[in-house]
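Listed here are the chains, written in short residue letters.
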Amino acid sequence: MTNELSGRPPVVDLATWQAARDELLVREKAHTRESDAIAAARRRLPMVEFDGSVEVVGDAGPVPFLDLFQGREELVVYKHMWYDGAPHQGQCEGCTTTAWHLDDSVYLNARNVSFAVVTTGAWDEVAAYVEFMGYTQPWYSVRGIDEPAGGEMGYLASYLRDGDRTFLTYSTTGRGNERANPALGLLDMTPYGRGEQWEDNPEGWPKGLDACWSWRFDADGNPTWGPTGRPTPQWTRPGATAEATLGRTTHCH
């Protein structure tokens, strides 16, 4: 057996590996402590009060935003981008990735936290999409509603309720949404990581693809941003077939 494999880190005995692992653990613990300190600062952010009686539309019709709390004190919302008039395969790839990982909030509920998805799509379109995807979490249309209940999509937001008063406490987007996607955290633990070009990999490691390449695939399992693809989770849905168009020409709301 050789200690050198082409394009791979060196092969060592367990004791040598453990020493290197312990050295990295020091950095990991420092990262965890800094993350805890940031979370503490997040809990001390000022709040924005807004009108919780503003009406959103769900499967029961128009309801006040306050209903999203389901009687609990805290609420986490994912704001899902939407392409008006687009078929299922044309809806936002990144938002589909996030929403797919958030389809069960039993642990949040156990901590007195509710979860919901809002989007700017018209409710009849949204309802058909939710049924196709098989989502069980509550979805609502916030079409025409301003921040903090509506506004720009593609965000994770946290809210607090005090009686009938509602407050925005935190919001994040971009890579801040990654905390809702445990698959990325697990990929970061694997030898090849996320397989994206921006990653700092060992010499000779497999060449990564464009960022977010895993969001959309075609019927043959090839990553593609072209019209023949679907957001990756859709291929698990009954009746999902290859398509020739995304059916969208405008920017998402």
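Just above sits the structure.
Residues numbered from 1 in each chain as written. Predicted model: local features only at pLDDT ≥ 70, side-chain atom pairs only at ≥ 80, totals over all residues. Heavy atoms only, no water.

### Considerations on the overall build of the chain
Just so we agree on the cut-off: By definition, any uninterrupted DSSP run of H or I lasting at least four residues is a helix, any uninterrupted run of E lasting at least two residues is a strand, and each is numbered from the N terminus. Each residue gets one of three labels from its accessible area relative to the maximum for its type: buried under 20%, exposed over 50%, partly exposed in between, using a 1.4 Å probe on protein chains only. Contact criterion: two residues are considered in contact whenever any of their non-hydrogen atoms come within 4.5 Å of each other. Reported accessibility uses the Shrake-Rupley method at a 1.4 Å probe radius. Residues are deemed covered only where the shown protein chains occlude them.
The number of helices and strands found in the chain is five helices and ten strands. Seen through its principal axes, the chain has C-alpha atoms that stretch 70 × 50 × 30 Å. By residue count, 36% of the 253 residues in the chain fall in the buried class. In the chain, 58% of the contacts between residues at least 6 apart in sequence involve partners at least 24 apart. Of the roughly 14,800 Å² of accessible surface on the chain, a fraction of 55% belongs to carbon and sulfur atoms.

### Quick word on a nonpolar patch on the surface
This is how the line gets drawn: For patch detection, residues must exceed 30% relative accessible area and be free of salt bridges, and they are connected within 9 Å for like charges or within 5 Å for nonpolar side chains (Val, Leu, Ile, Met, Phe, Trp, Tyr). Any carboxyl oxygen of Asp or Glu within 4 Å of a side-chain nitrogen of Lys or Arg constitutes a salt bridge here.
Among the surface-exposed residues, V12, L14 and W17 lie close enough to one another that they form a single nonpolar patch of about 330 Å² accessible area. Tracing the backbone shows L14 in helix α1 (residues 14-42).

### Overview of α1
Every α-helix winds through 3.6 residues per turn, so residues three or four apart in the chain are directed the same way. Applied cut-off: Helix span, expected: 1.5 Å multiplied by one less than the number of residues in the helix. Each polar contact in these results corresponds to two N or O atoms within 3.5 Å; when the atoms are within protein, one needs to be able to donate a hydrogen and the other to accept it, and residues that are neighboring in sequence are counted only if both atoms are side-chain atoms.
The end-to-end C-alpha distance of α1 is 40 Å, a good match for the 42 Å that 29 residues give at a rise of 1.5 Å each. For α1, the N-terminal capping position is held by D13, with its side-chain oxygen 3.1 Å away from the main-chain nitrogen of A15.

### Points about the environment of A20
Relative to the helices and strands, A20 is located in helix α1. Taking the C-alpha atoms as reference points, A20 and P223, 203 residues apart in sequence, are found 35 Å from one another.

### Side note on the nonpolar core
Put simply, the test is: The set of buried Ala, Val, Leu, Ile, Met, Phe, Trp, Tyr and Cys residues whose side-chain atoms join them within 4.5 Å is what this entry labels a nonpolar core.
If you look at the biggest cluster of nonpolar residues, it comprises 20 residues, and the most contacted ones within it are Y78, L102, Y129, Y135 and W139. Sorting the residues of this core by element identifies α2 (93-100), β5 (113-119) and α4 (123-133) as the ones contributing at least two each. With five residues, the single largest contributor to this core is α4. Residues in contact with Y78, not counting those within four places in the same chain, are C95, T98, L102, F115, A116, V117, V118, G154, Y155, L156 and N177. Counting 19 residues, the second largest nonpolar core, distinct from the first, contains V56, F69, L75 and M153.

### Observations concerning the packing of aromatic side chains
Inclusion rule: Any two of the Phe, Tyr and Trp rings considered here, Trp counted by its six-membered ring, make a pair once their centres fall within 6.5 Å; the pair's planes then place it as stacked at under 30 degrees, edge-to-face at over 60, or tilted in between. Comment: the charge-over-ring label is applied if NZ (Lys) or CZ (Arg) is within 6 Å of the ring centre and within 35 degrees of the ring normal.
All chains considered together, the criterion is met by twelve aromatic pairs. Seen in terms of ring centroids, F65 and F69 are 6.5 Å apart; in terms of plane orientation they differ by 80 degrees. Their pairing is edge-to-face. Taken as a pair, F65 and F69 share a single burial class, namely buried. Geometrically, the ring pair formed by Y129 and W139 is edge-to-face, given 6.2 Å between the ring centres and 65 degrees between the ring planes. Pair noted here: Y129 is in helix α4 and W139 is in strand β6 (residues 139-141), with a separation of ten residues, a long-range link. Classification of Y129 by relative accessible area gives buried; the value is 0%. Among the aromatic residues, those joined into a ring-pair cluster are W82, W100, Y129, Y135 and W139. Seen from the ring of W235, R230 lies directly overhead, with NZ or CZ sitting 5.7 Å from the centre. In this structure, R248 packs its charged tip against the face of Y83, placed 4.2 Å from the ring centre.

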